[in-house]
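Take a look at the letters that make up each chain.
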Amino acid sequence: MKRIAVLTSGGDAPLMNAALRAVVRKAIYNGLDVYGIMYGYAGLLKKEIKKMELGSVGDIIHRGGTKLYTARCQEFLQPEVRAKAVEILKEYAIEGLIVIGGDGSYRGALELTKLGMPGIGIPATIDNDVLGTEFSIGFDTALNTVIEAIDKIRDTAMSHERTYVIEVMGRDCGDIAQWAGVAGGAETVLVPEKPIDINATIERIKRGHERGKKHSIIIVSEGVGNAVEIGRQIKDICGYDTRVTILGHVQRGGSPTATDRVLASRFGSRAVELLCEGKFGHTVGIIKNEIVDMEFENALKMKKLSNSSLAELCDELAI
Ligand code: F6P
């Protein structure tokens, strides 16, 4: 293998730059040429491809966003579009492609691998919903952003004796909510993996009030439904002064945490090694604190590791 390319795809995660840096530096360290593809698969189709040098990834390890820009590319679901993408990569003499993104991006890389363009996936999304790994890069940083917000909201919730419903991102995965619930000391966490029981939530808030705790924090994962509606129900049924805060895209930005930077560096380095070893069509991941790799097909067949023990812990500690 002499020449590889790298792209970032799907929703950005604050760690894409750190992973990109690791890929570029490790590739150059191993004597490979490395090309960066702008705007994910969409940019590949438009031939937005440029050679990366050591300096191309200088001063980005601490920056959120992605220097290569990112995009979601619906067109890539069409087989003829993927065939064109392989032709373009071959035109540039590219022999392997590293894709930094989530499950959708992996599916694209798997299809390219089947067409003879070896792909490797690095899991990057704040949602932590990528299969084949316990943690995706970006999750820890987003979680810390959420905790900072919860801590601030807690101050005002306490002063005004209010109930706060805080909506966090995660799409269909409740990991951000569940982890934030434990780390932020929430009364209740509502996640899409579990049917919501608004009565149980209300009972819990009331119990708190009865023993003198007049403020509460309820974390709602966006996949559960409408946080504003949940806030309205709590207010209507309990009569407590209730506010709703939707954290939104603030969760996708910011300087990455040290944990995330190290993970991104380990993933990026291993991804290049896999291409050099001729292990194509693999994802990298972390399981039980070991860097692992597995075939895309096996990763995509895996079940998401459950957080039920965290759910129990949150309930136990917020009695
Ligand atoms: O997948 C990351 C994510 O931030 C989800 O948590 C959220 O549902 C979605 O992307 C938002 O997408 P967009 O930035 O396209 O609105």
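Residues numbered from 1 in each chain as written. Predicted model: local features only at pLDDT ≥ 70, side-chain atom pairs only at ≥ 80, totals over all residues. Heavy atoms only, no water.

Trainee: Just give me the short version of the nonpolar core, but keep the residues and values in it.
Mentor: Generally speaking, nonpolar side chains in soluble globular proteins are found buried as a group. Of all hydrophobic cores here, the largest spans 57 residues; its most connected members are Leu-20, Ile-98, Ile-122, Ile-137 and Ile-217. Take this core: its biggest share by element is nine residues, from helix H5 (residues 139-160). Taken together, domain 1 (3-138 + 256-301) and domain 2 (142-252) each give at least three residues to this core, which thus spans both. Among residues more than four places away in sequence, those in contact with Ile-217 are Ile-150, Ile-153, Arg-154, Ala-157, Tyr-164, Ile-166, Ala-186, Glu-187 and Thr-188. (Core = buried A, V, L, I, M, F, W, Y, C linked by side-chain atoms within 4.5 Å. Buried < 20%, exposed > 50% of the residue type's maximum accessible area, 1.4 Å probe, protein only. Helix = DSSP H or I, 4+ residues; strand = E, 2+ residues; numbered from the N terminus. Domains from an automatic or database assignment. Contact = heavy atoms within 4.5 Å.)

Trainee: Could you give an account of the side chain of Asp-127, with specific residues and numbers?
Mentor: Tracing the backbone shows Asp-127 in the loop between strand S5 (119-123) and H5. Excluding its chain neighbours within four sequence positions, the residues that come into contact with Asp-127 are Gly-170, Arg-171, Cys-173, Asp-175 and Ile-176.

Trainee: Go over the environment of Leu-32 with me, naming the residues and quoting the values.
Mentor: Note on placement: Leu-32 falls in the loop between helix H1 (16-29) and strand S2 (33-37). For Leu-32, a relative accessible area of 6% translates into the label buried. Among all residues touching Leu-32, those that are not within four sequence positions of it are Met-1, Lys-2, Ile-4, Ala-27, Val-272 and Cys-276.

Trainee: An account of the domain arrangement of the protein is needed here, citing residue identities and associated values.
Mentor: We note that the domain assignment places domain 1 (3-138 + 256-301) and domain 2 (142-252) within the protein. Between the C-alpha centres of domain 1 and domain 2 there is a distance of 34 Å. If you look at the interface, domain 1 gives 12 residues, while domain 2 gives 11 residues. In this assembly, domain 1 packs against domain 2 so that about 950 Å² is buried in total across both faces, 50% of it on carbon and sulfur atoms. Together, Asp-12, Ile-126 and Asp-127 form the three largest contributors to the area buried by domain 1 at its contact with domain 2, with a combined 49%. For the interface between domain 1 and domain 2, the tally reads two salt bridges. For Arg-171, the salt bridge is made with Asp-127, and the minimal N-O distance between the two is 3.8 Å. Grouping the constituent residues of the side of domain 1 that touches domain 2 by class yields four nonpolar, four polar and four charged. (Buried area = accessible area lost by both parts, 1.4 Å probe. Salt bridge = Lys/Arg side-chain N within 4 Å of Asp/Glu carboxyl O. Nonpolar A, V, L, I, M, F, W, Y, C, P; charged D, E, K, R; others polar.)

Trainee: Kindly report on the pattern of salt bridges, identifying the contributing residues and their values.
Mentor: For the coordinates displayed, the defined rule picks out 21 salt bridges. For Lys-152, the salt bridge goes to Glu-148, with nearest N and O atoms at 3.1 Å. Of this pair, Lys-152 and Glu-148 both sit in helix H5, four residues apart, roughly one helical turn. Linking Asp-241 and Arg-162 is a salt bridge whose minimum nitrogen-to-oxygen distance equals 3.0 Å. You can see Asp-241 sitting in the loop between helix H8 (227-238) and strand S9 (242-246) and its partner Arg-162 sitting in the loop between H5 and strand S6 (163-168), a full 79 residues away along the chain. Residue Asp-241 is classed as partly exposed on the basis of its relative accessible area, which comes to 30%. We classify Arg-162 as buried; its relative accessible area is 13%. Because the salt bridges share partners, they merge into one network encompassing Lys-26, Arg-270, Glu-273, Glu-277, Lys-279 and Asp-293.

Trainee: Help me get a handle on the state of the cysteines, residues and values and all.
Mentor: With the rule as written, the count across this model stands at zero disulfides. Cys-314 carries a free sulfur, and the closest cysteine sulfur to it, the one in Cys-173, is 15 Å from it. (Disulfide = S-S within 2.5 Å.)

Trainee: Now, about the site of the ligand: what can you tell me, with residues and values included?
Mentor: Residues in close proximity to the ligand include Arg-72, Ile-126, Asp-127, Met-169, Gly-170, Arg-171, Glu-222, His-249 and Arg-252, which together make up its full environment. Within the backbone of Gly-170, an N or O atom sits 3.2 Å from an oxygen atom of the ligand. In the complex, 73% of the free accessible area of the ligand, which totals 400 Å², lies under the protein chains. The residue makeup of the shell around the ligand, split by class, is two nonpolar, two polar and five charged. In this structure, the shell around the ligand is formed jointly by two domains, domain 1 (3-138 + 256-301) and domain 2 (142-252), each of which donates at least three residues. (Near = heavy atom within 4 Å. Polar contact = N/O pair within 3.5 Å; in protein donor to acceptor, adjacent residues only side chain to side chain. Areas by Shrake-Rupley, 256 points an atom, 1.4 Å probe, with all protein chains shown as cover.)

Trainee: So what's going on with helix H11 (residues 308-317)? Residues and values would help.
Mentor: Taken residue by residue, H11 has Leu-310, Ala-311 and Cys-314 as its buried positions. The arc that holds the buried residues of H11, viewed along the axis, is 105 degrees, so those residues lie on one side. Looking at H11, the residues exposed on the side facing more than 90 degrees away from the buried face are Ser-309 and Glu-316. Where H11 is buried, its residues meet helix H6 (175-183) and strand S7 (188-190). (Arc of directions from axis to C-beta.)

Trainee: Account for the sheet that holds strand S1 (residues 3-8), naming residues and giving values.
Mentor: The strand order across the open sheet formed by seven strands is S3-S2-S1-S4-S5-S10-S11, and the pairing between neighbours is mixed. If you trace the sheet from one side to the other, it starts and ends with strand S3 (49-52) and strand S11 (290-295), each paired once. In this sheet, adjacent strand axes meet at a mean angle of 30 degrees when their direction is disregarded. Pairing of strand S10 (residues 282-287) with S11, which is carried by six bridges, proceeds in the antiparallel orientation. Among the inter-strand pairings, Ile-286 is bridged to a residue of S11, identified as Ile-291. (Pairing = 2+ DSSP bridges. Axes fitted to C-alpha atoms, helices over the stretch in contact; angles between N-to-C directions.)

Trainee: Tell me about a nonpolar patch on the surface, and name the residues and values.
Mentor: A cluster of nonpolar side chains, namely Val-228, Val-244 and Ile-246, defines an oily patch on the protein surface of about 230 Å² accessible area. Examined against the element boundaries, Ile-246 turns out to sit in strand S9. (Patch = residues over 30% accessible without salt bridge, like charges linked within 9 Å, V, L, I, M, F, W, Y side chains within 5 Å.)

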